[in-house]
Amino acid sequence: MAIHSGLDLGPHRDLGALPLRERKKIQTGLRIFRTAIGLFAERGFDQVSVAEIAAAAEVSKMTVFNYFPTKEDLVMGPMEQHLDEPVRVVRDRAPGTSAVAALREHFLVALARHDPATGLNDDQVVLDVIRLIHATPALAMRAGAAFDQRAQSLLAAELLTQDPAHDELTARVAAAQLLAVRLTLIGGNHERMLAGDSAADALPAALDRARRAFALVEQGLGDYCTRPA
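Just so you know, these numbers come straight off a predicted model, no measurement behind them.

Draft legend 1. Spatial organisation of the overall build of the chain. Helices and strands together make up the secondary structure of the chain, namely 10 helices and zero strands. If you list the helices and strands of the chain from N to C, you get α-α-α-α-α-α-α-α-α-α. Here the C-alpha radius of gyration of the chain, 19 Å, is about what a compact globule of 229 residues would show, namely 17 Å. Dimensions of the chain along its principal axes, counting C-alpha atoms only, are 65 × 40 × 30 Å. Counting all 229 residues of the chain, 45% fall into the buried class. Contacts spanning at least 24 positions in sequence make up 71% of the contacts within the chain whose residues lie at least 6 apart. Charge centroids of the chain, computed over 25 positive and 29 negative side chains, lie 3 Å from each other.

Structure (structure tokens):
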């Protein structure tokens, strides 16, 4: 299963441009998140309490819940902010650009900057999150439901609204294929990062695989794997 690993806690990446109060709020959320992931990676998700996380992050237990309503949200919440990312890419694409082309170019650009959402990121926190989700059945189940089901429904709905023929079947099949490509690529990148490859060294091959994978959606499988007569 592929795990999306975006670690943003909000839409702002340039903290220095934010008002002090907003900057401190985001920094507190990041501290809680990183503290939790560190403890989970060391001892396991089920062996760490929210109270222990709060103490280690030097905040109250109530503060933790203000940022992350459940213990699972400490891992999944930041990633689930990206569920509608493919929808936004399709919605905001330039005139004359197909949904496939828009998602392909977005993914290639994200790969080049080692965006955790592509799986091609060797930051220790990112790797800890990936390992944690794979090792924790409740988190793996939630990740599957979010990125294999909810994201697909969101993208299918967006494609349907933009389809002049308003063909529900085509929208659903297109959404399933497009997200399957992304998840397959992300999963492959995760495997390489967990095997110890560096993101920089793995980038050229990752870019090539992404172009090939999206080409399969764009061109169709056709007579792929036809059994010899």
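Picking up after the structure, the text goes on.
Draft legend 2. View of the nonpolar core. Counting 66 residues, the largest nonpolar core has Phe40, Val75, Leu111 and Ile133 as the members making the most contacts within it. Considering every element that reaches this core, the biggest residue donor is helix α8 (residues 137-162), with 10 residues. With near-sequence residues (within four places) excluded, Val75 lies in contact with Phe33, Ile37, Phe40, Phe45, Val129, Leu132, Ile133 and Leu139.

Draft legend 3. Just empty space enclosed by the protein, in detail. Enumeration over the complete set of coordinates arrives at two cavities of 30 Å³ or more. Together, Glu85, His106, Phe107, Ala110, Ala117, Thr118, Arg182 and Ile186 line the second largest cavity. Only α6 (99-112) and α9 (168-194) provide two or more residues apiece to the lining of the second largest cavity. Broken down by element, the residue count for the lining of the second largest cavity peaks at three residues, all from α6. Class assignment for the residues of the lining of the second largest cavity results in four nonpolar, two polar and two charged.

Draft legend 4. Layout of helix α7 (residues 124-135). Helix length check: α7 (12 residues) gives 16 Å between terminal C-alpha atoms against 16 Å at 1.5 Å per residue, within 8%. Of all the residues in α7, the buried ones are Val125, Val126, Leu127, Asp128, Val129, Ile130, Leu132 and Ile133. Where the residues of α7 are buried, they touch α1 (20-43), α4 (73-80), α8 and α9.

Draft legend 5. Seen up close, the pattern of salt bridges. Counted by the stated rule, this structure contains 12 salt bridges. The partner of Arg91 in a salt bridge is Glu158, and the shortest N-O contact between them spans 3.3 Å. Residue Arg91 is found in helix α5 (residues 85-91), and its partner Glu158 is found in helix α8; the two are separated by 67 residues along the sequence. With relative accessibility at 11%, the residue Glu158 sits in the buried group. Note that Glu218 is salt-bridged to Arg104, the shortest N-O span being 3.1 Å. Placement of Glu218 in helix α10 (residues 199-219) and of Arg104 in helix α6 is noted, with a sequence separation of 114 residues between them. A relative accessible area of 42% means that Glu218 is categorised as partly exposed. Salt bridges linked by common partners bring Glu72, Asp73, Glu80 and Arg142 together as one network.

Draft legend 6. Focus on the packing of aromatic side chains. In total, this model carries three aromatic pairs according to the counting rule given. When the ring of Phe107 is compared with that of Phe214, the centres are 6.2 Å apart and the planes differ by 55°; the resulting orientation is tilted. With Phe107 in helix α6 and Phe214 in helix α10, the pair connects residues that are 107 residues apart, well separated along the chain. Note on accessibility: Phe107 and Phe214 belong to one class, buried. Above the face of the Phe45 ring, Lys71 is positioned so that its terminal group lies 4.6 Å from the ring centre.

Cut-offs used in this document
Residues numbered from 1 in each chain as written. Predicted model: local features only at pLDDT ≥ 70, side-chain atom pairs only at ≥ 80, totals over all residues. Heavy atoms only, no water. Helix = DSSP H or I, 4+ residues; strand = E, 2+ residues; numbered from the N terminus. Rg over C-alpha atoms; globule rule 2.2 N^0.38 Å. Buried < 20%, exposed > 50% of the residue type's maximum accessible area, 1.4 Å probe, protein only. Contact = heavy atoms within 4.5 Å. Lys, Arg positive; Asp, Glu negative; His and termini not counted. Charge placed at Lys NZ, Arg CZ, Asp CG, Glu CD. Core = buried A, V, L, I, M, F, W, Y, C linked by side-chain atoms within 4.5 Å. 1 Å grid on protein atoms, 1.4 Å probe; cavity = no way out; pocket = protein on both sides within 12 Å on 5 of 7 lines; lining within 4 Å. Points joined across faces, edges and corners; volume = space filled by probe spheres on them. Nonpolar A, V, L, I, M, F, W, Y, C, P; charged D, E, K, R; others polar. Expected span 1.5 Å × (residues − 1). Salt bridge = Lys/Arg side-chain N within 4 Å of Asp/Glu carboxyl O. Phe/Tyr/Trp six-rings, centres within 6.5 Å; stacked < 30°, edge-to-face > 60°. Lys NZ or Arg CZ within 6 Å of the ring centre and 35° of its normal.

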